[in-house]
Amino acid sequence: MRRTRVEVDKKKCVWCGGCVATCPFDALTLRETVLEVDERCTGCGICVRFCPMGALGEEA
Amino acid sequence: MRYDVVVVGAGPAGSSAAREAALKGTKVLLLEKRQEIGSPVRCAEGVGKAGLEKCEIKPDPKWIACEMKGAKLHSPNDAVVELSESLAGNEVGYVLERKIFDRELAAMAAEAGAEITVKSMVTGLIKKDGKIKGIRVLSNGEEIGIETDLVIAADGVESKVARWAGIDTSLKLKDMESCAQYLMAGVECEPDYTHFYIGSCYSPGGYVWVFPKGGTKANVGIGVLGSRIPKGSPGFAKRLLDQFIEKHSHYAKGKRLELIGGGVPVTSPLERSVADNLMVVGDAARHTDPATGGGIINGIRGGRLAGKVGAEAVEEQNFSQVFLSKYERAWKEAFGDSLERSLLVKDVLINLDDPSFDGIADSLAGYGFEELGLLGIIDALQEKHPELLEVFESI
Ligand SMILES: Cc1cc2nc3c(=O)[nH]c(=O)nc-3n(C[C@H](O)[C@H](O)[C@H](O)COP(=O)(O)OP(=O)(O)OC[C@H]3O[C@@H](n4cnc5c(N)ncnc54)[C@H](O)[C@@H]3O)c2cc1C
Ligand code: SF4
Ligand code: SF4
């Protein structure tokens, strides 16, 4: 079964790293100017709510 | 490659730890994933004078943008309470140029003998029989392993290193401020005062700040408590900030030179800040002041303490959690109480409604700020709004 994952809008992300701390599953990694979401993402949506820039959203 | 101590992250906490350990003759490596230490800034750049003194750092015009006389607190109906620098606490005194400040701290670590590399991201811990024996790092595209008996995790709010060691550093939305800030030019603001706009009409569970940076420049930012962000409203913090600026014409005429974001822990510090072969410092250890969101000073103070204990551990060749607990006791003694007090203050503040903030501001507005010690504040409240005193009794 494929789980929903969050998607990063590169045009809005300012690479602040705040979302990384909010993920209970350690699914987010900030590599300088790239925010990665890995397979541990459950789609819980916590980081989506946190992001000050609105750069995170559920995958369509 | 082998080092006595590896410090992950060259923010104020990491550079201070590296310097302190290197000063004692320890072989230290400081790793920073960014290509440029200090940039991009994730900070409003306010520090207190007493705080810098505690860090034994002499103020240097190179990294001071502005000196502050005090703070002005704005209530929802814009009653203004003035606080002197000494009363306003840890985040009022100077507004820094952190790009320069952070680099200066790293340079001080280098001068003390620490090795430093940038564009070097730590990607994991090397463990043998469950014990930390080193770190893996992606340095300029190359994966390398570095052996060490002691890792100091100074990786800021992201705080991954401690997670890899089994310490849960994740933050609940109620324990975290979601922040956005513009560096603006062409704004009209009093140069010698930091401004705080407090009340849920500005920011639910947080505040808006305006910190002058010399001339017509200022950091204009917002922190919103994560749990107060309504569901299904992406980019809430930035949107509220934009609305605030639009509503205040003296700020609205400014131009935006820089946009930054960030997360600030506003909770108790990590229960366990040490493990075998590991110490956690600064934002990674949640050493930020939960009432104000300031973390530079505690980062430096905790970093220095960890660096000292790290050097002792190397000398004694004892990297056990028990030995490293010396660091935990030291930071608790240095600022543990103040973090606890601030947490109480934060819990009161986030539960005050806007009429209460107006009532408090109204009670205090007429007083000169020299007179307003804590007792003065209580007297003033007693006179005009005794019902609000209850709120403070819990602190
Ligand atoms: C919007 C905002 C406003 C703020 N305003 C103030 C203020 O006015 N006054 C104040 O005192 N504090 C303020 N703070 C808090 C302050 O910025 C932090 O407390 C402070 O920077 C913490 O220092 P640190 O060294 O612990 O972490 P940081 O300064 O965050 O440094 C951590 C470093 O580690 C690096 N890193 C992370 N992971 C890795 C890895 N895997 N490998 C290598 N390197 C890594 C990062 O790139 C970063 O350079 C504010 C914070 C925000 C977000
Ligand atoms: S919180 Fe938002 S802006 Fe910050 S790194 Fe995460 S996605 Fe990017
Ligand atoms: S949606 Fe939940 S699990 Fe996925 S990255 Fe965000 S916080 Fe982590």
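This write-up is about the structure you can find in this document. (Residues numbered from 1 in each chain as written. Chains lettered and ligands numbered in written order. Predicted model: local features only at pLDDT ≥ 70, side-chain atom pairs only at ≥ 80, totals over all residues. Heavy atoms only, no water.)

All names here are of chain B. Taken across its 6 residues, strand β14 (residues 207-212) has 6 buried, putting it largely inside the fold. Of the two faces of β14, the one lined by Tyr207, Trp209 and Phe211 and the one lined by Val208, Val210 and Pro212 are each fully buried. One ladder, built from 4 bridges, connects strand β13 (residues 193-198) with β14; its direction is antiparallel. Counted as the bridge partner of tyrosine 197 is valine 208 from β14. Across 6 bridges, β14 lies against strand β15 (residues 218-225) in antiparallel orientation. When the bridges of β15 are listed, phenylalanine 211 appears paired with asparagine 219. In this structure, the hairpin formed by β14 and β15 is closed by a connection of 5 residues, where glycine 214 is found at a positive phi of approximately 95°. (Buried < 20%, exposed > 50% of the residue type's maximum accessible area, 1.4 Å probe, protein only. Helix = DSSP H or I, 4+ residues; strand = E, 2+ residues; numbered from the N terminus. Pairing = 2+ DSSP bridges.)

Here we take up the sheet that holds strand β7 (residues 93-96) of chain B. All names here are of chain B. If you walk across this open sheet you meet the 3 strands as β3-β7-β4, and the pairing is antiparallel. Here the strands that pair on one side only, and so sit at the sheet edges, are β3 (46-48) and β4 (64-67). Between one strand axis and the next, the sheet turns by 30° as a mean value, whatever way the strands run. Where β3 lies against β7, 3 bridges are found, and the strand directions are antiparallel. Residue pairing for β7: glycine 48 is matched across the bridge by glycine 93. (Axes fitted to C-alpha atoms, helices over the stretch in contact; angles between N-to-C directions.)

Residues and elements named next belong to chain B. Along the chain, glutamate 32 turns up in the loop between β2 (28-31) and β3. Within the structure, glutamate 32 has its side chain in polar contact with the backbone nitrogen of alanine 10 (distance 2.8 Å). Leave out the neighbours within four places in its chain, and glutamate 32 touches Gly9, Ala10, Gly11, Ile37, Thr117, Val118, Lys119 and Ser120. (Polar contact = N/O pair within 3.5 Å; in protein donor to acceptor, adjacent residues only side chain to side chain. Contact = heavy atoms within 4.5 Å.)

On to empty space enclosed by the protein. Residues and elements named next belong to chain A. What the rule picks out here adds up to 2 cavities of 30 Å³ or more. The wall of the largest cavity is formed by 15 residues, among which Cys13, Cys16, Cys19, Leu35 and Cys51 lie closest to the centre. Taken together, the residues of the lining of the largest cavity break down into 14 nonpolar, 1 polar and no charged. Of the volumes computed, that of the second largest cavity is approximately 80 Å³. In terms of lining residues, the second largest cavity is bounded by 13 residues, among which Cys23, Ala27, Cys41, Cys44 and Cys47 are the most central. Taken together, the residues of the lining of the second largest cavity sort by class into 10 nonpolar, 3 polar and no charged. (1 Å grid on protein atoms, 1.4 Å probe; cavity = no way out; pocket = protein on both sides within 12 Å on 5 of 7 lines; lining within 4 Å. Points joined across faces, edges and corners; volume = space filled by probe spheres on them. Nonpolar A, V, L, I, M, F, W, Y, C, P; charged D, E, K, R; others polar.)

Of the pairings in the sheet, the one linking β4 of chain B to β7 of chain B comprises 3 bridges and is antiparallel in character. Among the inter-strand pairings, glutamate 67 of chain B is bridged to a residue of β7 of chain B, identified as tyrosine 94 of chain B.

A separate point is the pattern of salt bridges. Across all of its chains, the model carries 34 salt bridges over all chains by this definition. Linking lysine 72 of chain B and glutamate 190 of chain B is a salt bridge whose minimum nitrogen-to-oxygen distance equals 3.0 Å. In this pair, lysine 72 of chain B is assigned in strand β5 (residues 70-74) and glutamate 190 of chain B in the loop between β12 (176-185) and β13, connecting sequence segments 118 residues apart. Its salt-bridge partner being lysine 346 of chain B, residue aspartate 347 of chain B comes within 3.9 Å of it at the nearest N-O pair. Several salt bridges share partner residues, and in doing so they unite Asp26, Asp38 and Arg40 of chain A together with Lys160 and Arg163 of chain B into one network. (Salt bridge = Lys/Arg side-chain N within 4 Å of Asp/Glu carboxyl O.)

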